[in-house]
Amino acid sequence: MSIRTRLLLLVFAVWLPALAGFGLLARSTYLHETEAATQHIRDLARSSSFVVDSELDKRAAVAWTLGAARSLKEGDMHRFYEHAKRATEGTGNTVLVVDATRQVLNTRRPFGAPMPARGWLTDPPLVSGAPIVTDLLTSRVSGAPVITVLAPEPGVEAQRLNIGVAFGPEVIQHVMDMQKFPDGAVAAVLDGKLQTVARNKDPRKWLGTRAASATVAAAASGKLDRVFESSSREGAPTVAFM
């Protein structure tokens, strides 16, 4: 079961331009075209979401594996730091270890360097079950936008530390860039606060901004896996699916 399926912290929304001129069509044709367009939206969202899920699951697996490292169990943080740095070298991922209030280490900083407070707290502060995905945040170490997959130490009943794998939104943006969307379609990956993480049109312009008000309202009313009327950030009327 994927992280998205468990937690729905990443919401995928796809917009297609609303079809005009339906009044000129026979009702049967209108219904057929509407159903076909609706199914196409669902298929696009689900197939692309599956690829996004796989990127999150890869990082959850890294966090789980590192969490089981003997060096971490034995409290040898320097050895763990070196192990984590080697394990993620060249991947663009950053490994961090957090306690209930602060970062203990971060592979973007030299070992032993002062660490900042945590920028995002769960409730309770330490995860003890399935991995979770943070919203899009500004890293307190690099200052860049990041998403983190946070996992518990496996086999530990009373959690004292969590292991995170942080990465930039460009990872999700690459997934979007590889997808083949029809002309006129707008696709976006949104976080739990409905902030834009990636988008197939003008991603830099909209990164970190909140989704259109109609999409926010649809999410608040629980319209997941349902088609609803909305508008694109460019102001075009659309039908949408989350």
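The rules we used
Residues numbered from 1 in each chain as written. Predicted model: local features only at pLDDT ≥ 70, side-chain atom pairs only at ≥ 80, totals over all residues. Heavy atoms only, no water. Helix = DSSP H or I, 4+ residues; strand = E, 2+ residues; numbered from the N terminus. Buried < 20%, exposed > 50% of the residue type's maximum accessible area, 1.4 Å probe, protein only. Polar contact = N/O pair within 3.5 Å; in protein donor to acceptor, adjacent residues only side chain to side chain. Arc of directions from axis to C-beta. Core = buried A, V, L, I, M, F, W, Y, C linked by side-chain atoms within 4.5 Å. Contact = heavy atoms within 4.5 Å. 1 Å grid on protein atoms, 1.4 Å probe; cavity = no way out; pocket = protein on both sides within 12 Å on 5 of 7 lines; lining within 4 Å. Points joined across faces, edges and corners; volume = space filled by probe spheres on them. Nonpolar A, V, L, I, M, F, W, Y, C, P; charged D, E, K, R; others polar. pLDDT = per-residue confidence, 0-100. Pairing = 2+ DSSP bridges.

With that settled, consider the overall build of the protein chain. The helix and strand inventory of the protein chain stands at seven helices and eleven strands. Expressed as a percentage of its 242 residues, the buried residues of the protein chain come to 45%.

Our next topic: the environment of K58. Of note, K58 is situated in helix α2 (residues 27-67). For K58 and V149, which are 91 residues apart along the polypeptide, the C-alpha to C-alpha distance reads 9.7 Å. Within polar-contact distance, the side chain of K58 engages the side chain of E55 at 3.4 Å.

So, about the environment of F181. As for its position among the elements, F181 is in the loop between α5 (170-178) and β8 (186-190). Each C-alpha atom, one on F181 and one on L44, is 7.7 Å from the other, the two residues being 137 residues apart in sequence.

Now for helix α7 (residues 213-220). Side chains that are three or four residues apart share a direction in an α-helix, a result of its 3.6 residues per turn. Taken together, the buried positions of α7 are occupied by T215, V216 and A218. Looking down the long axis of α7, one finds its buried residues gathered within 160° of arc, a one-sided arrangement. Pointing more than 90 degrees away from the buried face of α7 are the exposed residues S213 and A220. Taken from the residues just after α7, G222 is the one with a positive phi, measuring 80°.

Right, let's talk about the nonpolar core for a bit. I147, F167, I172 and V189 are the most contacted members of the largest nonpolar core, which has 19 residues in total. Taken together, the elements giving at least two residues each to this core come down to α2, β6 (145-152), α5, β8 and β9 (196-199). Leave out the neighbours within four places in its chain, and F167 touches L56, R59, G92, N93, V146, I147, V149 and I172. One finds A63, L72, V95 and V165 within the second-largest nonpolar core, a separate group that totals 15 residues.

A separate point is the layout of surface pockets. Size it by volume and the largest pocket reaches roughly 420 Å³. What lines the largest pocket is a set of 27 residues, and nearest its centre among them are L96, S139, V146, T148 and A166. Looking at the lining of the largest pocket, the elements that each hand over two or more residues are β2 (94-98), β3 (103-106), β5 (137-138), β6 and β7 (162-167). A total of four residues in the lining of the largest pocket trace back to one element, the largest contributor, which is β6. The residue makeup of the lining of the largest pocket, split by class, is twelve nonpolar, eleven polar and four charged.

We now examine the confidence of the model for the protein chain. Considering every residue of the protein chain, the mean pLDDT works out to 83; 85% of them sit at 70 or more. When mean pLDDT is compared element by element in the protein chain, β2 scores highest at 97, while helix α1 (residues 3-7) scores lowest at 39. Below pLDDT 50 for its whole length, residues 1-10 participates in 30 contacts with residues either more than four positions away or in separate chains.

Once that is clear, we can look at the pairing of β7. The element β7 is largely enclosed, with a buried count of six among its six residues. Taking every second residue as pointing to the same face, both faces of β7 are buried, with N162, G164 and A166 on one and I163, V165 and F167 on the other. The sheet contact formed by β6 and β7 spans six bridges and is antiparallel. Within the sheet, the bridge partner assigned to A151 lies in β7 and is I163.

Moving on to unusual backbone geometry. Note that the residue after D123, namely P124, is joined by a cis bond; omega there is 0°. Here P124 shows up in the loop between β3 and β4 (132-133). At L194, a position not held by glycine, the phi torsion is positive, near 65°. Assignment of secondary structure puts L194 in the loop between β8 and β9. The class for L194 is buried, based on a relative accessible area of 7%.

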